[in-house]
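What the coordinates show
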Amino acid sequence: MRWIWIDKFLEFESGKRAVALKNVTLAEEHLHDHFPGFPVMPECLMIEAMAQTAGILVGQARNFQEKVILAKIKKAVFYHYVRPGDTITLHAQIESISPEAASTEGEIRRGHDLIARISLMFSHIDKNLSGKRFPEENFVFTDTFCSLLDGFVQQESSEGRS
Amino acid sequence: MAISREEIFKKVQDVLVDALGLDEEDVTEEATLMGDLGAESIDFLDIVFRLEKTFNIKVPREELFPAESVLNNPEFVSGGKLTAKGLAELKARMPHTDLTDFAKDPDVNKIADLFTVGAIVNFLDAKLNG
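Residues numbered from 1 in each chain as written. Chains lettered and ligands numbered in written order. Predicted model: local features only at pLDDT ≥ 70, side-chain atom pairs only at ≥ 80, totals over all residues.

What about the pairing of strand β1 (residues 8-13) of chain A?
Defined as follows: In this description, strands pair whenever DSSP reports at least two bridges between them. Starting at the N terminus, helices and strands are each numbered in turn, a helix being any DSSP run of H or I of at least four residues and a strand any DSSP run of E of at least two.
Pairing of β1 of chain A with strand β2 (residues 17-23) of chain A, which is carried by five bridges, proceeds in the antiparallel orientation. By the bridge assignment, K8 of chain A is partnered in β2 of chain A with L21 of chain A.

Listed below in structure tokens is the structure:
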């Protein structure tokens, strides 16, 4: 399954901040059901798009050696609908990062309009949930995700990527 | 600059209200983080990050919430209770928490009750003013 809710990165400052872009289109089937005659991008998918933007930022900060999992939505406030034909930008920045986890702040904008504020927590799962074992390979950062960064970040090695 | 215990409590209260989505009156000194306030493991990391930012200090998670590493050591746990060695270790790692009652029946399930709001305030008080 290709569960990717950002189209490309516009800016990427390693370990600090990133800006991604998504074009919303009626070709996305779920918009026809959400809602019939009134298509709007579901808020949960905006959170997912922010989690992908911020999650890649957090993962890259540790050179994709950690399995970065969304652990907590600290805040998600929405101010406007997002409709087909809209281009939204997702602005994420790392607030704190430690060996076990990271927290990020983010905004979704459409042009100059503020659409949402979303703050997230990510867990580096190998360092948490003590005792549980996870697969060796990094199942979070697949090549599909990492290819979004082509041209922005020099990949030092492909280790840790599946 | 010294900061009073009361000021520390007020700031800790704000942090917990934001981190756990609570009302201010829920966050009393005696409230336990997991039992009374519903904190889960990821919330502890969130709280640590927020305390670091609020007080502008480094808060090592294992110092503030040291029970995890004690519980994971088989030397310290036997039959669902802390061994004498485990209890001594926990005492050494939680100097800011009163373990007198817990020591009478050191059931591992009760360890969660030791993490009170007051224990965080004590920890920060010692760190900032100690």
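A closer look at the environment of H30 of chain A
Residue and element names in this part refer to chain A. This is how the line gets drawn: Between the buried cut of 20 or more and the exposed cut of 12 or fewer other C-beta atoms within 10 Å of a residue's own C-beta lies the partly exposed class, and all C-beta atoms are placed from the backbone.
Assignment of secondary structure puts H30 in the loop between β2 and α1 (43-61). With 10 C-beta atoms packed within 10 Å, H30 lands in the exposed category. Measuring from C-alpha to C-alpha, the distance between H30 and V40 comes to 9.4 Å, with 10 residues separating the pair along the chain.

Re the interface of chain A and chain B
To be explicit about the condition: Each residue is represented by a C-beta atom placed from its backbone, and any two residues with such atoms within 7 Å are regarded as in contact. When residues are sorted by character, Ala, Val, Leu, Ile, Met, Phe, Trp, Tyr, Cys and Pro go into the nonpolar class, Asp, Glu, Lys and Arg into the charged class, and all the rest, Gly among them, into the polar class.
Counting residues at the interface gives 12 residues for chain A, matched by nine residues for chain B. When residues of the side of chain A that touches chain B are traced back to their parent elements, those giving at least two are β3 (68-78), β5 (101-110) and β6 (113-124) of chain A. Ranked by residue count, the leading element in the side of chain A that touches chain B is β3 of chain A, at three residues. Tallied by class, residues from the side of chain A that touches chain B come to three nonpolar, six polar and three charged.

Some details on unusual backbone geometry
All names here are of chain A. For the peptide bond that leads from H34 to F35, omega is 0 degrees, which places it in the cis range. Mapped onto the elements of the fold, F35 is located in the loop between β2 and α1. Non-glycine residue N63 carries a positive phi angle of around 55 degrees. Structurally, N63 is set in the loop between α1 and β3. Exposure remark for N63: the 14 C-beta atoms within 10 Å place this residue in the partly exposed category. Of note, the phi angle at F64 is positive, near 60 degrees, even though the residue is not glycine. Within the secondary structure, F64 is located in the loop between α1 and β3.

Notes on the confidence of the model for chain A
Reading fine detail from the predicted coordinates is not recommended where pLDDT is low. Residue and element names in this part refer to chain A. Where we set the bar: The predictor attaches a confidence to each residue, and that confidence, scored 0 to 100, is pLDDT.
Within chain A, residue pLDDT values average 89, and 90% of them lie at 70 or more. Of all secondary-structure elements in chain A, the lowest mean pLDDT belongs to helix α2 (residues 143-147), at 79, while β2 reaches the highest, 98. Here residues 156-162 is a poorly scored stretch, pLDDT under 50, and it has 13 contacts once near neighbours within four places are set aside; other chains count.

Here we look at the sheet that holds β3 of chain A
Sheet strands line up and pair through hydrogen bonds in the backbone, either parallel or antiparallel. All names here are of chain A. Our working rule: Lines fitted to the C-alpha atoms define the axes, with helices restricted to the stretch that makes contact. Angles between their N-to-C directions range from 0 to 180 degrees.
The six strands are arranged β1-β2-β4-β5-β6-β3 in an open sheet whose pairing can be described as antiparallel. The open sheet terminates on both sides in strands that have one partner only, identified here as β1 and β3. Neighbour-to-neighbour, the strand axes of the sheet open up by a mean angle of 20 degrees, direction not taken into account. Note: β3 against β6, nine bridges, orientation antiparallel. Each residue of the ladder has a partner; that of V68, found in β6, is H124.

Looking at the pairing of strand β4 (residues 87-97) of chain A
Residue and element names in this part refer to chain A. In the sheet, β2 pairs with β4 via seven bridges, with the strands oriented antiparallel. Considered in β4, the bridge of R17 is made with Q93. By the bridge criterion, eight bridges tie β4 to β5 in an arrangement that is antiparallel. Each bridged residue has a counterpart across the sheet, and for I94 the counterpart in β5 is T104. Here β4 folds back onto β5, and the loop between the two strands holds three residues.

A word on the domain arrangement of chain B
Residues and elements named next belong to chain B. Test applied: As used throughout, domain bounds are those supplied by an automatic or database domain assignment.
Splitting chain B by domain gives domain 1 (1-60 + 115-130) and domain 2 (66-113). On a C-alpha basis, the centres of domain 1 and domain 2 stand 21 Å from each other. On the side of domain 2, four residues touch domain 1, which itself brings eight residues to the contact. Per-class residue counts for the side of domain 1 that touches domain 2 are five nonpolar, three polar and no charged.

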